[in-house]
Each structure stands twice: as C-alpha cells, then as structure tokens.
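# Secondary and tertiary structure notes
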Amino acid sequence: MNYFKSIIFLFLLISSCKTNEKQKIASPISKEASSDFIIAFGSCNNQTLPNLLWTEIEKNKPNVWIWGGDVIYTDTDDMVYMAENYLKQKNNEVYADFIKKVDVLATWDDHDYGLNDGGTEYPKKAEAQQLFLDFFDVPKNDNRRKQEGVYYSKDYTINKKIIKIILLDTRYFRTALTADDETEKRYKPNVYGEGTMLGEKQWKWIKNELQNSKASYNIIVSSIQFLSNEHGFESWGNMPHEVDKLITLLKSTNAKNTVILSGGRHISEISKSEIAELAYPLVDFTSSGLTHSYTDYKGEPNKYRLSNVVSKKSFGVLKFNFKTNVITMEIRGENNVIYETYTQNYK
Ligand SMILES: [Fe+2]
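Residues numbered from 1 in each chain as written. Predicted model: local features only at pLDDT ≥ 70, side-chain atom pairs only at ≥ 80, totals over all residues.

### Here we look at the environment of Ser271
Considering the arrangement of structural elements, one finds Ser271 in strand E10 (residues 269-273). C-alpha of Ser271 to C-alpha of Thr196: the two residues are 75 residues apart in sequence and 23 Å apart in space. (Helix = DSSP H or I, 4+ residues; strand = E, 2+ residues; numbered from the N terminus.)

### Details of the sheet that holds strand E14 (residues 338-345)
With respect to topology, six strands assemble into an open sheet ordered E3-E2-E1-E12-E13-E14, the strand pairing being mixed. A strand with exactly one partner marks an edge of an open sheet, and here the two such strands are strand E3 (103-106) and E14. Each adjacent strand pair in this sheet contributes to an overall mean axis angle of 20°, direction not counted. Looking at chain direction, strand E2 (residues 64-67) and E3 are connected through four bridges and run parallel. The partner of Ile66 across the bridge, within E3, is Leu105. (Pairing = 2+ DSSP bridges. Axes fitted to C-alpha atoms, helices over the stretch in contact; angles between N-to-C directions.)

### Remarks on the confidence of the model for the chain
When pLDDT is low, close inspection of the predicted coordinates is not appropriate. In the predicted model, the chain carries a mean pLDDT of 93, and 90% of its residues have values of at least 70. Ranking the elements of the chain by mean pLDDT puts helix H1 (residues 2-23) last, at 44, and strand E8 (residues 217-221) first, at 99. This model gives residues 9-26 a pLDDT under 50, and the stretch forms four contacts once residues within four places in sequence are excluded. (pLDDT = per-residue confidence, 0-100. Contact = placed C-beta atoms within 7 Å.)

### Some points on helix H6 (residues 125-135)
Because the α-helix completes a turn every 3.6 residues, residues three or four places apart line up on one side. Taken together, the buried positions of H6 are occupied by Lys125, Ala128, Gln129, Phe132 and Phe135. On an axial view of H6, the arc spanned by its buried residues comes to 120°, and they lie on one face. Phi turns positive one or two residues past the end of H6, at Asp137, with a value near 55°. (Buried ≥ 20, exposed ≤ 12 C-beta atoms within 10 Å, placed from the backbone. Arc of directions from axis to C-beta.)

### Description of the packing of helix H3 (residues 79-90) against H6
Two numbers describe how H3 lies on H6: the axes approach to 10 Å, and their chain directions differ by 20°. In terms of axis orientation, H3 runs roughly parallel to H6. By crossing handedness, the relation of H3 to H6 is classed as right-handed. Between H3 and H6, the residues in contact are Met79, Met82, Ala83, Tyr86 and Lys90 and Glu127, Ala128, Leu131 and Phe135, respectively. For the contact of H3 with H6, the residue count by class is seven nonpolar, no polar and two charged. (Parallel < 35°, antiparallel > 145°, perpendicular 65-115°, else oblique. Left-handed = near helix turned anticlockwise from the far one by under 90°. Nonpolar A, V, L, I, M, F, W, Y, C, P; charged D, E, K, R; others polar.)

Now the structure itself:
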C-alpha cells in the first residue's frame, strides 16, 4: 500500500513540476507589494477586430495606460469616415469600461494619423488631430487643441517620487524618408543631417521637458522604434542624425533614468544600448499589436535586442520599485500569459 502511495505521490510531484515549468509563463496578476507604480502600454488596435486584451490589461492594475499609436486604423482623407472609425472604438463596451477605471495617455502613429507611413505631407493632419483629441475627451481649452501635433507630458508623483511621461509626435512634422530601391527593405537611412523626426518646435519642447524634469524616471513614448534600426521599416534609424540628437539631449540635460516605449511593429521586444557618457543603460521597450500581430514573422536582426521577439497579440507592463530602483518589464498577451520578463536596475 505504502509503495502504491509513494508511486502516486511521485507521479503528482512530477506532474506538478511540469505544471510549474509551464507556469513560468502563466500569470501572477495581482498588484505586487513591491510595485510602487505600474504602467501598461501598447499599440496597433484595429477597431473592426475583437479587442481581447482590455480585461487582461486591467487585471495588472496599471496606474496608467499609454497608447503608443494606431489607436484605430483609418488611412483616409475623409474626416467623416475617420470620425466613424473612432466612434466604433469608443462604442466598444469593454474598452469603454476599461477607460473608466484607468488613467489614459496617448500619442498616435500612422494609421490613426490618417496615412500609412505618413509624415508632415499628410494634408488633413490638423483635422485628424482634433478628432484624435475628441476621442480622448481632451477639453476644448487644452493646449493640445491649439498646438500643432499631439505631443504632451504628464508627471505622476508617488511617495514624493516623480515619474514623467513624455509622449512624442513622430508624424506631424516628420519629413520624407528614403525608399530603399536596392534591397528588399522598405527604407534606408537618410543622408546624415537630412530631414526631421520631431520638427523644430517639438525638439525645443522636449529639451525643455528633459532639462526641467525632476523625475526619478523619464518615460519617452515614441510610436516608432528608437534602437532597433536594421529591419528597414520605419524607425528613428531612418534619420541617424536625429537618433544622435536625442542621445545628446539625454546626456546634456542629465534627465534621470530615461526609458523609451515604442510600438508600431506588430511585434514586441526589448532592446538595450549602453551609451558612453550616459549614466544609465537605455532601454527601448517595443509593444504591439493589441488586436493583430506579425504572425508570419520569421526573424530580423536587431543588435540591441535583449528578449525574444513576441509576434503574438501583446501588451507591455512596467512595474517600478522605488526602494530597489528596479523596473520589471513584462510582455504579456491573451489570458495574461507572460511571454518575456526583463528586470533593469537603475542607480
Ligand atoms: Fe500598426
């Protein structure tokens, strides 16, 4: 009998070990006692596709949800059609319920801006900006209603520590990219010094934001990837001088612990660069898409990549621990499955 019991015990032990193996990617969804602040973010949300992730995102109890762009898909010059598409998303019951409970910040990418891979040449950008702000119920007297572009910043103060979130507009002012006619890639880098990613005014603004930042962490949200630059799609790498300009700004302003959040690729990955004379490693956490993804992704080079590439529907979570100065970054998906976790220590 004892022998029989031990066999059963052994069997249960082995099967529970197996379960635990799998549970490495399962879902501790309660707010960890060690998290002082939680950001959830993502991008690429087609209003006509099932929105499966909102309830899962909410379970992570984020203090803020950040849209990294492609809030809807509406490549058009027709503002009536664009407004209808926003309404479709606004009428999504699960999303409507989600935004009642979580603070929401947003920037746009090309498909909510109105033009695939579009920049400053898009003729309806001013009108599209107002529709974007309408969708987020931004008051009529808000500065974003009067300025060109949707760039914006917000400080969160938690136990006397500040987290600053800086949302960039990489569309409104962005000048032409250079098509790559020689390889299979869509774009090649512009001649060094040619073109602007943010435009003069926005560059002045971000300099000011970083210079005056009292934050322990500065989170820069860019709809397109900052570090990964070998894939040939849109990225900051299309304008190498603009990459250098932002890095120089990060160094000269002494803004503390900057993290970049990006999207637009329909894959999720975490990249990191150790930059000389920068006091911290620069992480670029890319998260997309929410309703659809690059399912036939077969690989691409990225010398900065830390994590595996996730080509399933996903969202990103950042958990801040002020005592240890650690940010835990997670790529999560349906059923809150954790695809990737990365922990970054800061000084
Ligand atoms: Fe997208």
